[in-house]
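Each chain, written out:
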Amino acid sequence: MNTRQPPAHAEIRGFGTVGHCLTIADIPLTELAESVGGTPFYAYDSGLITRRIDHLRRCLPNEVKLHYAVKANPMPEVVRLLTELVDGLDVASVGEMRLALEAGMPAAEVSFAGPGKTVAELTQAVAAGIVVMLESPGEMERLHGIAREAGKRPKVAVRVNPDFELKASGMKMGGGPKPFGIDAEQVPEILLRLAELDLEFHGFHIFSGSQNLQAEALIEAQRKTLDLAAALARHAPERPRFVNIGGGFGIPYFPGDQHLDIEKVGEHLAARLDRLADELAATDIVIELGRYIVGEAGIYVCRVVDTKLSRGRKFLITDGGLHHHLALSGNFGQVLRKNYPVAIANKMDLPADEVVDIVGCLCTPLDRLGDKVLLPRSGTGDLVVVFQSGAYGLTASPTGFLSHPPPREVLV
Ligand SMILES: *Cc1c(COP(=O)(O)O)cnc(C)c1O
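(A) Up close: the sheet that holds strand E3 (residues 27-28). Across the sheet, which stays open at both edges, the 3 strands sit in the order E1-E2-E3 with antiparallel pairing between neighbours. With one partner strand each, in any of the chains shown, strand E1 (16-18) and E3 form the two edges of the open sheet. Here 3 bridges tie E1 to strand E2 (residues 21-24), and the two strands are oriented antiparallel to one another. Paired with Val18 across the two strands is Cys21, which belongs to E2.

(B) Inspection of helix H2 (residues 46-59) at higher detail. In a regular helix each residue adds 1.5 Å, so 14 residues correspond to 20 Å; H2 covers 20 Å between its end C-alpha atoms and thus fits that length. Along H2, the positions that sit buried rather than exposed are Leu48, Ile49, Arg52, Ile53, Leu56 and Cys59. Here the buried residues of H2 occupy an arc of 140° about the axis, which is enough to place them on one side. Contact partners of the buried residues in H2: strand E5 (65-69), helix H3 (76-85), helix H9 (262-274), strand E15 (284-289), helix H10 (291-294) and strand E22 (408-411). Near the N-terminus of H2, the side chain that reaches the backbone nitrogen of Gly47, with its oxygen 2.8 Å away, is that of Asp45.

(C) Quick peek at the pattern of salt bridges. One pass over the full model with this rule turns up 22 salt bridges. Between Lys65 and Asp284 there is a salt bridge, with the nearest N and O atoms lying 3.6 Å from each other. Taken as a pair, Lys65 in strand E5 and Asp284 in strand E15 lie far apart in primary sequence, 219 residues in all. A salt bridge links Glu216 to Lys264; its shortest N-O distance comes to 2.8 Å. On the criterion of sequence distance, the pair formed by Glu216 in helix H8 (residues 215-233) and Lys264 in helix H9 is long-range, its members being 48 residues apart. Residue Lys264 is classed as partly exposed on the basis of its relative accessible area of 27%.

(D) Just the packing of helix H6 (residues 137-150) against helix H7 (residues 187-194), in detail. The contact between H6 and H7 brings their axes to 11 Å, and the two run at 10°. On the basis of their axis angle, the class for H6 and H7 is roughly parallel. Together, Pro137, Met140 and Glu141 of H6 and Ile190, Arg193 and Leu194 of H7 make up the contact between the two elements. In the contact of H6 with H7, the residues fall into 4 nonpolar, no polar and 2 charged.

(E) Up close: the pairing of E5. Counting buried positions along E5 gives 4 out of 5 residues, so the element sits mostly inside the fold. Sheet topology places E5 next to E15; 4 bridges connect them, and they run parallel. When the bridges of E15 are listed, Leu66 appears paired with Ile287. Here E5 pairs with strand E6 (residues 88-91) via 3 bridges, running parallel.

(F) Region of the structure containing the site of the ligand. Every residue close to the ligand is listed here: Ala69, Lys71, Arg159, Met173, His205, Phe207, Ser210, Glu288, Leu289, Gly290, Arg291 and Tyr392. Side-chain polar atom of Ser210 to an oxygen atom of the ligand: 2.4 Å apart, as the coordinates give it. Note that an oxygen atom of the ligand is positioned 2.8 Å from one of the backbone N or O atoms of Arg291. Notes on the ligand: free accessible area 390 Å², of which the protein chains cover 92%.

(G) How the structure looks around the side chain of Asp319. Considering the arrangement of structural elements, one finds Asp319 in the loop between strand E17 (313-318) and helix H11 (326-329). Salt bridges are absent for the buried Asp319, whose nearest opposite-charge side chain, Arg303, sits at 5.3 Å. Among the polar contacts made by the side chain of Asp319, one reaches the side chain of Thr39 at a distance of 2.6 Å. Polar side-chain contacts of Asp319 include one of 2.7 Å to the backbone nitrogen of Arg303. Excluding residues within four positions of it along the chain, Asp319 makes contact with Thr39, Pro40, Cys302, Arg303, Val305, His324 and Cys361.

(H) Representation of unusual backbone geometry. Along the chain, Thr39 connects to Pro40 via a cis peptide bond; the corresponding omega equals -5°. Despite not being glycine, Ala25 has its phi angle at roughly 50°, a positive value. In this structure, Ala25 sits in the loop between E2 and E3. What makes Ala25 partly exposed here is its relative accessible area of 35%. Its identity is not glycine, yet Arg311 carries a phi of approximately 45°, on the positive side. Within the secondary structure layout, Arg311 lies in the loop between strand E16 (298-310) and E17. By relative accessible area, Arg311 is classed as exposed at 87%.

Criteria and cut-off values
Residue positions are given per chain, counting from 1 as you read along its sequence in written order. The predicted origin of the model limits local features to residues at a pLDDT of at least 70 and limits the giving and counting of side-chain atom pairs to 80 or more, whereas totals for whole chains, interfaces and linings rest on all residues. Computation of side-chain values: all heavy atoms of the structure, hydrogens and water removed. Note on pairing: DSSP must find at least two bridges between two strands before they are called paired. Strands are runs of DSSP state E lasting at least two residues, helices are runs of H or I lasting at least four, and both sets are numbered from the N terminus onward. Helices are assigned an expected span. That span is 1.5 Å times one less than the residue count. Accessibility here uses a 1.4 Å probe with only protein chains present; expressed as a share of the type maximum, an area under 20% marks a residue as buried, one over 50% as exposed, and anything in between as partly exposed. The arc under discussion is defined with respect to the helix axis, by the directions toward the C-beta atoms. Note on contacts: a residue pair qualifies if any of its non-hydrogen atoms lie within 4.5 Å across the two residues. Within 3.5 Å is the distance limit for a polar contact, defined as a pair of N or O atoms, with the added protein rule that one can donate a hydrogen and the other accept it, and that residues adjacent in sequence qualify only through two side-chain atoms. For this document, the term salt bridge refers to a Lys or Arg side-chain nitrogen within 4 Å of an Asp or Glu carboxyl oxygen. In this description, a line fitted to the C-alpha atoms serves as the axis of each element, helices being fitted only across the stretch in contact, and the angle between N-to-C directions of two axes falls anywhere from 0 to 180 degrees. Small angles under 35 degrees read as roughly parallel and large ones over 145 as roughly antiparallel, with 65 to 115 read as roughly perpendicular and the rest as oblique. Here the nonpolar group is Ala, Val, Leu, Ile, Met, Phe, Trp, Tyr, Cys and Pro; Asp, Glu, Lys and Arg are the charged ones; every other residue, Gly included, is treated as polar. In these notes, residues near a molecule or strand are those with any non-hydrogen atom within 4 Å of it. Only the protein chains shown count as cover for residues, and the accessible areas themselves come from Shrake-Rupley with a 1.4 Å probe. Positive residues here are Lys and Arg, negative ones are Asp and Glu, while His and the chain termini are left out of the count.

What follows is the structure in C-alpha cells.
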C-alpha cells in the first residue's frame, strides 16, 4: 500500500447510477439538469431525508422528541416535508418562524433561539405564540415588557451556556464566555426573577456544539447536559416541560472523517433516560438537528464550461462557485481548506486517471471547488457533483457576490 496516499472520503450512501450517470431519487443527473432548466443547481432527495428520520427514530429512545433546525436548509419544500416528519422546528429569525408556521407546524412546537432578537422580532414571536428561548437577562426583561403590553404570557425557555463544552466539535456553541445563552451559574438567579414576570416557563435549552463525529464526545455532553438541567430544574418556578439537549450530530465531509456511530449514542441516551433525575421525570427530552437530517441528502451540481492547463496543472472551470456554496470553498468555518467529496456525474465508475483542480466562475482565488482531485478525464459540458451539500449550502452562501443569478433548488 502506498502510505503517502491521502485518506479517502467516507462512503457516500443513497445515490445510484444508470450507465455512467449518477442518479438522485432514481433520476439521472443529466436529465435532472435539463428538467430544472440548467446548471448550477441544488437537489435534495426527499426519500433520503425521510429514511434518515426513520433511522434516527429507530436509534434514539422512543420518548425523545426530534426537532429540525431550519437554518440548516430553509427551502420551503424541505421545511414542509420535515414538518410532517419531526416533532418541532427550531428557528433563528422571524423569517424562519414564518417558514415554520406556513409549513403547518403548530406554534407551540416552534422555538426561536438566537442572540440579538429585536423588540420587533420578539413582538412577532409573542403574537404568533411560539416558544422564545431567552438568551440574556435583558432579553427576558424586554419580553416581559412586550407580554405585559400585549396582555399575553409567552412561553419561554432559558437557554443555558453550559459550564462545559462539546469536545471535538466543528463549532463550539457553549462553554467559556459565549454570546449564546445565559451562563449556567447565573441561571438560578434568573429563574427567581422569571417567576415574577409575565412569562410562562417551559424549560431549558442547552446546546453545546455542532458537527461532531465522535459518539463518545456526544455521549459525555448529553450526560453533562442532563445533569445540569436536573440541577437547574430545582430552581425553576415549575417543572420544566422540556429540556432541549441540543444535537451536534455531524456528517463526514473530508478525507479521513468517519460516519458517526448513532446507534451507540442512542443506546447510551436510552440507558441515561432510564435513570433520569426526579426533577426531569415528567420532562420531554428534545434533540435538535439540522445538518444530520438534511446534509447527506443534498447535492450541488455545476457544469464544466472551460478547461485549461496552467504551468502543468489542469483546471476544470465551472459555472458554479462559492457564491452558491461557500462551505465547499472552505470559507465557512474551516481553518485549512479540505475537499468535499466530488465526482463527475456523467462519468461515474470510469477509471480516475487525471488530477485536476476544480474552480468556480468567480474572479477570486478563494473560489475553489476541489484541489488536486483524482477524477476520470473530463472537459467542457461534463457535470461536477458535490456531495454532502444539503445543509449550510445555499443558505450559508453570499449569493450577491459578483451578481450572478442564484442557483436553482429542487426537492426530488
Ligand atoms: C445551528 C443550530 C443547530 C443546528 O446545528 P446542526 O449542526 O445543523 O445540527 C441546532 N441548534 C441551535 C441552537 C443552533 O444554533
